[in-house]
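Tertiary structure, described
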Amino acid sequence: MTEFKQWYDEDGITFHSEHKVQFSQSNSMKKMSFYELLKVTSDMAVEDYAQKGMDRDTLTKNGYACLVSRVAFRFHRLPRENENYVFTTYEEKAEALQLVRAYEFTTPKGEPLITGLSSWLLVDPVAHRIIPTKKFDLRPPVESQKEHDCLKYGKIQIPEDLEKWDEWKIRYSDIDGNNHVNNARYGAFVANAIPENLREKDFTDFRLNYAKEAKLGQKLEIFGKVNEEEKRLTIVGKTEEGVSFESELMW
């Protein structure tokens, strides 16, 4: 029987976790779905903090909540159904208003699968105000930074001539313990919006920005644009309150 392990490097910062891509975590091409990608990266970020004594309840008691803001991934190769992989995550030097976290998916032999970067907002869960990262006092500040082969998270340029492609009513199963759509669900929204002729593309990069939380009962309208010249697919979701998320896929 295969045993899946979790461990830290000697630096006490770099967290590793072994996994296997299950059937339900794969798309029609038997590759890890975008939903599962976002689920693993956010869940293991939460687990990393929990292992360090900062689970969600502890964060809340101390007046903190961490919300993922922006993510960027480079796909060397998406892991496939029944494939084992090692997931690695660690924090890097924070920005003034955003915590920074890196991700690496590799084969058990160390071959690269996915690399990624993300930024997280530190928020007061009662006042719903952003807290400067220098005030986060539950762990020593992280000062290290590394070079990464993925794109940096950041502003996504949105074409002016987007077309409406789809809409989705936010349902109970989309909602998490923060009472808004779970961040991983946006991976499903993006995947569902990909035009049929592009679904089997080997995308190289994926960026997603969370603009405004979507809530139960709201209608999420999905807009998109394909730029064949730039080999770029832009997908944007909007509720009646404005832009909810922006994303782009490159090939």
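Let me sum up the structure you'll find in this document. (Residues numbered from 1 in each chain as written. Predicted model: local features only at pLDDT ≥ 70, side-chain atom pairs only at ≥ 80, totals over all residues. Heavy atoms only, no water.)

1. Observations regarding the pairing of strand β10 (residues 232-239)
For the record, the criterion: Only protein chains enter the calculation, and the probe is 1.4 Å; a residue is then buried if its accessible area is under 20% of its type maximum, exposed if over 50%, and partly exposed in between. A run of H or I in DSSP counts as a helix once it spans at least four residues, and a run of E counts as a strand once it spans at least two, with each numbered from the N terminus. For two strands to count as paired, DSSP must find a minimum of two bridges between them.
Where burial is concerned, most of β10 is hidden: 6 out of the 8 residues are buried. Relative to β10, strand β9 (residues 219-227) runs antiparallel, the two sharing 7 bridges. Note that in β10 the partner of Phe223 across the bridge is Val236. Hairpin connection between β10 and strand β11 (residues 242-250): a loop of 2 residues separates the two successive antiparallel strands.

2. Looking at the sheet that holds strand β7 (residues 163-169)
Here is the rule we go by: For helices, the fitted line uses only the C-alpha atoms of the stretch in contact; every axis is such a line through C-alpha atoms, and the angle between N-to-C directions lies from 0 to 180 degrees.
With antiparallel pairing, 11 strands are arranged side by side in an open sheet as β1-β2-β4-β5-β6-β3-β8-β11-β10-β9-β7. The sheet is open, and its two edges are formed by β1 (6-8) and β7, each paired on a single side. Ignoring which end each strand starts from, the neighbouring axes of this sheet average 20 degrees apart. Pairing of strand β4 (residues 84-92) with strand β5 (residues 98-106), which is carried by 7 bridges, proceeds in the antiparallel orientation. Across the sheet, residue Glu92 finds its bridge partner in β5, namely Val100.

3. Notes on the side chain of His180
This is how it is decided: Throughout this description, a polar contact denotes any pair of N or O atoms lying within 3.5 Å of each other; where both atoms belong to protein, one of them has to be capable of donating a hydrogen while the other can accept it, and for residues adjacent in sequence the pair is counted only when both atoms sit in side chains. Residue contacts are defined here by distance: any two heavy atoms, one from each residue, within 4.5 Å place the two residues in contact.
Turning to its location among the elements, His180 is positioned in the loop between β7 and α3 (185-193). Among the polar contacts listed, one links the side chain of His180 to the side chain of Glu213, at a separation of 2.6 Å. If near-sequence neighbours (up to four positions away) are discounted, His180 is found in contact with Leu67, Asp174, Ile175, Glu213, Ala214 and Lys215.

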